[in-house]
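Structural characterization, general
Chain by chain, the residues:
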Amino acid sequence: MLSEHEILTNLKDSIVNFDIEGIKKAAEKAFQIGIPAYKAIIDGMAKGMEIVGQKYEKGEYFLAELIMASETMKEGMNVLEPHMRAGDIKSTGKVIIGTVKGDLHDIGKNVVATLLKAANFEVIDLGVDVSAEKFIEAIKQNQPDIVAMSALLTITMIEMENTVKALQKARLRQKVKIIIGGAPITPDFAKKIGADAAAKDAVEGVRICNQLMKEKRILI
Ligand code: B1M
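Residues numbered from 1 in each chain as written. Predicted model: local features only at pLDDT ≥ 70, side-chain atom pairs only at ≥ 80, totals over all residues. Heavy atoms only, no water.

Attention now goes to the coordination of the cobalt atom of the ligand. When only protein atoms are considered, the cobalt atom of the ligand has one donor, His105 (NE2), at a distance of 2.2 Å. With respect to the helices, strands and loops of the structure, His105 is situated in the loop between strand E1 (94-99) and helix H5 (107-118). (Donors = N, O, S within 2.8 Å, 3.2 Å for Na, K, Ca; no water. Helix = DSSP H or I, 4+ residues; strand = E, 2+ residues; numbered from the N terminus.)

Below, the discussion takes up the site of the ligand. The local shell around the ligand holds 33 residues, among which Glu57, Leu104, His105, Asp106 and Ser150 are the closest. Within the contact set of the ligand, a nitrogen atom lies 2.7 Å away from a side-chain nitrogen or oxygen of Glu57. Between the ligand and Leu104, the relevant distance is 2.6 Å, taken from an oxygen atom to a main-chain nitrogen or oxygen of the residue. Contributing elements (two or more residues each) for the shell around the ligand: helix H3 (37-58), helix H4 (63-80), H5, strand E3 (146-150) and strand E4 (177-181). Formed jointly, the shell around the ligand draws a minimum of three residues from each of two domains, domain 1 (4-83) and domain 2 (93-219). (Near = heavy atom within 4 Å. Polar contact = N/O pair within 3.5 Å; in protein donor to acceptor, adjacent residues only side chain to side chain. Domains from an automatic or database assignment.)

This part is about the sheet that holds strand E5 (residues 197-199). The strand order E2-E1-E3-E4-E5 describes an open sheet built from five strands, whose pairing is parallel. A strand with exactly one partner marks an edge of an open sheet, and here the two such strands are strand E2 (122-125) and E5. With direction set aside, neighbouring strand axes in the sheet form an average angle of 25°. Relative to E4, E3 runs parallel, the two being bridged by five bridges. By the bridge assignment, Ala148 is partnered in E4 with Ile179. Contacts between helix H6 (residues 132-142) and the sheet are confined to E1, E2 and E3, with E1 contributing the most and set at about 165° to the helix. (Pairing = 2+ DSSP bridges. Axes fitted to C-alpha atoms, helices over the stretch in contact; angles between N-to-C directions. Contact = heavy atoms within 4.5 Å.)

How big an interface is tends to be reported as the loss of accessible area on association of its parts. Domain boundaries assigned for the chain yield domain 1 (4-83) and domain 2 (93-219). Relative to domain 2, the C-alpha centre of domain 1 lies at a distance of 25 Å. With nine residues of domain 1 at the contact, the number on the domain 2 side is nine residues. A combined buried area of about 730 Å² lies between domain 1 and domain 2, and 80% of that area is made up of carbon and sulfur atoms. Three residues stand out in domain 1 for area buried against domain 2, namely Ile42, Lys74 and Glu81, and they jointly supply 48% of the buried area on that side. Counting across the interface, domain 1 meets domain 2 through two salt bridges. Across the domain 1-domain 2 interface, the total number found is two residue pairs in polar contact (both at pLDDT 80 or more). (Buried area = accessible area lost by both parts, 1.4 Å probe. Salt bridge = Lys/Arg side-chain N within 4 Å of Asp/Glu carboxyl O.)

What follows covers the side chain of Thr114. Positionally, Thr114 belongs in helix H5. Looking at Thr114, its side chain comes within polar contact range of the side chain of Glu81, at 3.0 Å. Aside from chain neighbours lying at most four places away, what touches Thr114 is Met77, Glu81 and Met84.

Those residues of H6 not exposed but buried are Ala132, Phe135, Ile136, Ala138 and Ile139. Seen from one end, H6 has its buried residues packed into an arc of 165°, which puts them on one side. What points out from H6, more than 90 degrees from its buried face, is the exposed set Glu133, Glu137, Lys140 and Gln141. Contacts made by the buried residues of H6 are with E1, E3 and helix H7 (157-169). Positioned one or two residues after H6, Gln143 has a phi angle of 45°, which is positive. (Buried < 20%, exposed > 50% of the residue type's maximum accessible area, 1.4 Å probe, protein only. Arc of directions from axis to C-beta.)

Here it is as structure tokens:
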């Protein structure tokens, strides 16, 4: 029987080597020996993506490898996600999530959405390349408690600011809490653009969303 450490290493290595069969097996094993899905994602697969990113920076991997690693991660998530769904209990709150306009990175955003669902949030996922107008339309339609934006590119961070401004203009800002995240995002940036919080990873993202819900209930 493989240990937790070995399975997490297998998950990480499968991402780095684009090993789709390997990731499916390792994800199944993680579930069988009771490794929490969030741990398999964050301490296994996401660590592999970090290495892939470093290899890309060093010129050892190219765009094709980034895509293959992303596909491998998605296969692993497909195995783990069904084990994370919360039951039919009353939802903790409603979250609209999306990757901002111009940005196509969705793996981190998907991890956040998965963990939020597992924490019993109702999640409306707008996908990638989401404009301020699309966020506004979705807020009007769904009346969420929280708007969650993800950005992985430094050049698309500005879209978060544009969305906050557009929400203010549409008089929707006071109705929702705003959380932002993604590799280049910092708490200082969140403060600067008028968001309520920034999360460094998906686990912190869920913790902050729970906190934001408490704040929202106090205000109501
Ligand atoms: Co791109 N890419 N990419 N890429 N890519 C990065 C981000 C980059 C850092 C690589 C590098 O140069 N080292 C770099 C950005 C540089 C910069 O702006 N500073 C980069 C670049 C340059 C590009 C292109 C421009 C490359 C090109 O075309 N020449 C291009 C842009 C396309 C576009 O978006 N318009 C591009 C394309 C791609 C692929 C499509 C090939 C692929 C994405 C596939 C997909 O997402 N479906 C890809 C990938 C895979 C990466 C890296 C290697 C990995 C990203 C990832 O999935 N990480 C990335 C390098 C890196 O990050 N080391 C890179 C795993 C994921 C679990 O982590 O997304 O950070 P992450 O999410 C974390 C946290 O950030 C946080 O929680 C998550 C889980 O813990 N989080 C949130 C994220 N969103 C959150 C929201 C929250 C809370 C927490 O609340 C709302």
